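Examining the three-dimensional arrangement
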Amino acid sequence: VRKAQLDDFDVYQEIQKLFESDRMKEAIGRWTSYVDKQDQDYRSSDREPSEELVALHTDRLTRLALFLASCEPSMRNTEKSIELAQKASGISQGSFEGLYNLAMLTYRGAQYDRCEETIKQIGSKFEESSSRCLFLSAMNNHKRNQTRQAELDLQGALQWMQAMEQKAMQDSNSRILW
């Protein structure tokens, strides 16, 4: 894992220099090819990966996915970002963050039905999904022309936030989380 971290560090420094010299397309290409190669190596390994390696590789995929979905429009690649988020979610065995990122990126990619499926998966797997999911669901349902459900999701998100604020006022541990 330490070698992989050092390799990542070296490549990220190289990519940073490309970004700083306004060689955006080259930087994105280098980053994408590096992550694709690491993913191929990760998936072809015969050994069970350690938790640290799973976390490192999930982070690699997620960082690039989020970047590709939010960089300047001429460089944006939403399909690739969704593909990477799907892989990250699978590797992290459907963690909340992995699924949420997938839902968010499918929303950004105008794959509203797929976004809704992922949000439902989050809801069934995690008892208390956050206001982030409810806000995302409200936006997604609005795009799907399901106005009433969008309104209900928005109300639910606001109620969740009010409940968390009340809890934070009464409990110092919750205040830190809030």
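In the block above lies the structure referred to throughout.
In short, a report on the structure. (Residues numbered from 1 in each chain as written. Predicted model: local features only at pLDDT ≥ 70, side-chain atom pairs only at ≥ 80, totals over all residues. Heavy atoms only, no water.)

Section: the pattern of salt bridges
Note the threshold: Within this document, salt bridges are pairs made up of a side-chain nitrogen of Lys or Arg and a carboxyl oxygen of Asp or Glu, the two lying within 4 Å of each other. For the purposes of this entry, the term helix denotes a DSSP run of H or I that reaches at least four residues, the term strand denotes a run of E that reaches at least two, and both are numbered from the N terminus. Type-normalised accessible area, obtained with a 1.4 Å probe on protein chains alone, sets the label of each residue: buried when under 20%, exposed when over 50%, and partly exposed for intermediate values.
Applying the stated rule across the entire model yields 15 salt bridges. Its salt-bridge partner being Arg63, residue Asp59 comes within 2.7 Å of it at the nearest N-O pair. With Asp59 and Arg63 both in helix 3 (residues 51-70) and 4 residues apart, this pair spans about one turn of that helix. Here Glu116 makes a salt bridge to Arg144, at a shortest N to O gap of 3.5 Å. On the criterion of sequence distance, the pair formed by Glu116 in helix 6 (residues 112-125) and Arg144 in the loop between helix 7 (131-143) and helix 8 (147-170) is long-range, its members being 28 residues apart. Judged by its relative accessible area of 11%, Glu116 is buried. Through salt bridges with shared partners, a single ionic network connects Asp36, Asp39, Arg43, Lys80, Glu83 and Lys87.

Examining helix 2 (residues 24-44)
Definition in use: For a helix, the expected span equals 1.5 Å multiplied by the residue count minus one. Arc, as used here, means the arc of the directions from the helix axis to the C-beta atoms.
Across its 21 residues, helix 2 extends 30 Å between first and last C-alpha, which sits within 8% of the 30 Å expected from 1.5 Å per residue. Every buried residue belonging to helix 2 is among Ala27, Ile28, Trp31, Thr32, Tyr34, Val35, Gln38, Asp39 and Tyr42, and all of these are buried. Considered in projection along helix 2, the buried side chains sweep an arc of 165 degrees and stay on one side of the axis. Facing away from the buried surface of helix 2 by more than 90 degrees, the exposed residues are Lys25 and Gln40.

Note that every value here comes from positions in space, so none of it alone points to a role or purpose.
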